[in-house]
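# Analysis of the macromolecular model
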Amino acid sequence: MTEKIKGIAASSGIAIAKTFILKNPDLSFERQTVSDREAEKKRLEDALEVSKNELTEIRNTAEKSLGKDKAEVFNAHLMFLSDPEFVGAIRSKIDDESLSAESALEDVSTFFIQTFESMKDNAYMRERAADVRDVSKRLLAHLLGVSFTSPASITEETVIIAEDLTPSDTAQLNRNYVKGFATNIGGRTSHSAIMSRSMEIPAVVGTKTVMEKAKDGEMAIIDGLNGVVILDPTAGEIEEYRRKQAAFKEQQEEWKKLVHEPSKTKDDVHVILGANIGNPGDVAGVINNGAEAIGLYRTEFLYMGRDKLPSEDEQFEAYKEVLEKMDGKPVVIRTLDIGGDKKLSYLPLPQEMNPFLGFRAIRLCLERQDIFRTQLRALLRASVFGKLQIMFPMIATIGELREAKKILFEEKDKLIAAGTQVSDGIEVGMMMEIPAAAVLADRFAKEADFFSIGTNDLIQYTMAADRMNEHVSYLYQPCNPSVLRLISKIIDAAHKEGHWAGMCGEMAGDATAIPLLLALGLDEFSMSATSILPARSQLLKLSKEEMKKHKEAFLNLDTAEEVLDYVRTKMI
Ligand code: PEP
Ligand code: MG
């Protein structure tokens, strides 16, 4: 019987094929203690060895088919298997409590997973918890002598249905056969969702129930555009979705024609469409999708998944690579935005009641100047390889901006005095993501070369609604007039001082928000690489002059709902 299930649209496109249900292997076991602890540790060592060999092989395959960057996650898994904190804790449990290797592993992995999950990070920490879960499952299977169903064994066109897809599952997907997937859990920023987007496999995640409802081998439709899964569709539905699929493909072909075009509105106004990246490997996707700039390079990813701070040279190489690959196009590199929800295992930070309002980003960097100065030197040295724009995150006060700039210029002077070349055209800007800064944007504009509006945080702070908390998600309203007025204020303040204003929060790639942002005068929109061509195509249909005529009207509405209704009926 046909069943329609709603989920989160994780990767666009439509897939129609038979289901392949990826079952979790039965990894149940009885908790017990052992008398021979040495033998138990030997079992652990053997399982570690097999798991490492297997992971090395998957990593090598993934490197070939997906590229070095996407394969990096398996290095993280391999690192866990050699991490003295993780493996040492399992060994100690066997030694101290005479636990079986399985029981010891269960205790230690549960502890690690809970610790990571309690950090409530929107993306990074959840991925670390997923990594521990993934790697522990593999290790446990080897301890129990149970084998996995490998998605690599699929040799006919299918859509995968799974509780969750681990990064290793996703990396093994053969694009020739796997047309799409749907999972019970996960969000748009989970590892598998991110990978599905870069592999361009339609995906719906977070359905909660698809695993229970799907039958192996029945037909299914994965609508990654609307976040819908249809199990056992009728002939009519298949027909309808084949038409939608063809239309989407046609639309993609149309979008592709815009790869080398500038981003212009109907009335010939040029705005910059940039991409957000997390590491140098993402630049290929940025170029393939025709981005004109990198509007946000989140450098914290360079500091993660490792056991010590990256050296100045390592950072220099990464920044240089991005600047060179972008070949003179603007690259906004944001200094370290760590702390709060994003922790580094090797950098102990104080326990906080409100980490989002805590010791993070620029606050931490101004305190830990050793870390900050190292990064700034790496950036300054890399600046001669392209068009670098340095951006400070989480600036709340003018004092912070002045202090950060002072440190930057001190490092610049020292490098120049030592005979190192530094570009003299580096723009120095700031994230606008704290309401205090937005309200005072006119003053900040006198001291910053550009603003990039971080709506992900700006909205949560303006509405006092945690961006991760589903109970208050109704308050997370990008189009609330209060948020729009702040954005308007920020853009006007930048323009008054002759500067540009961009946006690197998720809102910049939102088709409903784009007409509003255009009306408000935003100069640069930075988004995930795959949103660029749809945005470029949308801009071609919008006249900036026309949009501007609506500005007063929508800024004077009362509610977000009214704004949304206004855009849809009057602006698009
Ligand atoms: C933002 O806050 O909008 C932003 C782009 O930064 P992040 O999502 O990394 O906090
Ligand atoms: Mg932010």
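Scroll up to find the structure.
In short, a report on the structure.

Cut-off values and rules
Residues numbered from 1 in each chain as written. Chains lettered and ligands numbered in written order. Predicted model: local features only at pLDDT ≥ 70, side-chain atom pairs only at ≥ 80, totals over all residues. Heavy atoms only, no water. Buried < 20%, exposed > 50% of the residue type's maximum accessible area, 1.4 Å probe, protein only. Helix = DSSP H or I, 4+ residues; strand = E, 2+ residues; numbered from the N terminus. Pairing = 2+ DSSP bridges. Axes fitted to C-alpha atoms, helices over the stretch in contact; angles between N-to-C directions. Contact = heavy atoms within 4.5 Å. Core = buried A, V, L, I, M, F, W, Y, C linked by side-chain atoms within 4.5 Å. Donors = N, O, S within 2.8 Å, 3.2 Å for Na, K, Ca; no water. Phe/Tyr/Trp six-rings, centres within 6.5 Å; stacked < 30°, edge-to-face > 60°. Lys NZ or Arg CZ within 6 Å of the ring centre and 35° of its normal. Near = heavy atom within 4 Å. Polar contact = N/O pair within 3.5 Å; in protein donor to acceptor, adjacent residues only side chain to side chain. Areas by Shrake-Rupley, 256 points an atom, 1.4 Å probe, with all protein chains shown as cover. Salt bridge = Lys/Arg side-chain N within 4 Å of Asp/Glu carboxyl O. Parallel < 35°, antiparallel > 145°, perpendicular 65-115°, else oblique. Left-handed = near helix turned anticlockwise from the far one by under 90°. Nonpolar A, V, L, I, M, F, W, Y, C, P; charged D, E, K, R; others polar. Patch = residues over 30% accessible without salt bridge, like charges linked within 9 Å, V, L, I, M, F, W, Y side chains within 5 Å. Lys, Arg positive; Asp, Glu negative; His and termini not counted. Charge placed at Lys NZ, Arg CZ, Asp CG, Glu CD.

Most of strand β9 (residues 272-277) is tucked away: five of the six residues are buried. Here four bridges tie β9 to strand β16 (residues 524-527), and the two strands are oriented parallel to one another. Residue pairing across strands places A275 opposite M527, the latter belonging to β16. Here β9 pairs with strand β10 (residues 293-298) via four bridges, running parallel.

What follows concerns the sheet that holds strand β11 (residues 330-334). Pairing between sheet strands relies on hydrogen bonds along the backbone, with the strands arranged either parallel or antiparallel. In space, the eight strands of this closed barrel follow the order β9-β10-β11-β12-β13-β14-β15-β16, with parallel pairing throughout. If you compare each strand with its neighbour and ignore which way they point, the axes differ by 25° on average. Packing against the sheet, helix α19 (residues 481-496) makes contact with β13 (427-432), β14 (450-453) and β15 (500-503), and its axis sits at approximately 165° to β14.

The next subject is the nonpolar core. Among the nonpolar cores identified, the biggest contains 97 residues, and F392, F451 and I487 are the most heavily contacted of them. In terms of residue count, α19 provides more of this core than any other element does, eight residues in total. Residues contacting F392, with those up to four places away along its chain left out, are T335, I362, F372, L376, L401, A404, K405, L408, V428, G429, M430 and M431. F116, M125, A129 and V135 belong to the second-largest nonpolar core, a separate cluster that totals 33 residues.

So, on to the coordination of the magnesium ion (ligand 2). Around the magnesium ion (ligand 2), the donor atoms from the protein are E433 (OE) and D457 (OD), and they sit 2.1 to 2.2 Å away. Of this pair, E433 sits in the loop between β13 and α16 (435-439) while D457 sits in helix α18 (residues 455-463), placing them 24 residues apart in sequence. Note on E433: relative accessible area 2%, which makes it buried.

Working definition: an aromatic ring pair is given by the centre-to-centre distance plus the angle between the planes. Summed over all chains, the structure comprises nine aromatic pairs. With centroids separated by 6.0 Å and ring planes inclined at 80°, the aromatic side chains of Y297 and Y319 adopt a geometry described as edge-to-face. Within this pair, whereas Y297 is found in strand β10, its partner Y319 is found in helix α12 (residues 312-325), the two being separated by 22 residues in sequence. Classification of Y319 by relative accessible area gives buried; the value is 0%. The lysine or arginine in question, R381, covers the ring of F316, its NZ or CZ lying 4.3 Å from the ring centre.

In the vicinity of ligand 1 there are 13 residues, among which R298, R334, E433, G454 and N456 approach most closely. In the model, an oxygen atom of ligand 1 is placed 2.9 Å from a nitrogen or oxygen of the R298 side chain. Residue D457 places a side-chain N or O atom 3.1 Å away from an oxygen atom belonging to ligand 1. Expressed as a share of its isolated accessible area of 280 Å², the protein-covered part of ligand 1 is 98%. Breaking the shell around ligand 1 down by element, the ones donating at least two residues are β10 and α18.

Two side chains bearing opposite charge may form a pair once their charged atoms approach each other closely. Enumeration according to the criterion identifies 39 salt bridges in this entry. Where R377 meets E312, a salt bridge forms, and the shortest distance between an N and an O atom there is 2.7 Å. With a gap of 65 residues between them, R377 in helix α14 (residues 369-382) and E312 in helix α12 connect regions that are remote in the sequence. On the basis of relative accessible area, R377 is assigned to the partly exposed category, the value being 22%. Looking at E312, the relative accessible area reads 18%, which means it is buried. Measuring nitrogen to oxygen at the nearest pair gives 3.9 Å for the salt bridge that ties K387 to E427. Taken together, the positions of K387 in strand β12 (residues 387-392) and E427 in strand β13 put the pair 40 residues apart, joining distant regions of the chain. Via salt bridges that share partners, E312, D313, R373, R377, R381, K406, E410, E411 and K414 belong to a single interconnected network.

Attention now moves to the packing of α19 against helix α20 (residues 513-520). Running from amino to carboxyl end, α19 crosses α20 at an angle of 40°, the nearest separation of the two axes being 9 Å. The angle between α19 and α20 falls in the class oblique. Relative to α20, the crossing made by α19 is right-handed. In contact with L484, I487, S488, I491 and D492 of α19, α20 contributes L516, L517 and L520. A per-class count over the contact of α19 with α20 returns six nonpolar, one polar and one charged.

Together, D558, E561, E562 and D565 make up a region of like negative charge exposed at the surface. Counting through the fold element by element, D565 comes out in helix α24 (residues 560-571).

None of this, on its own, says anything about what the molecule does.
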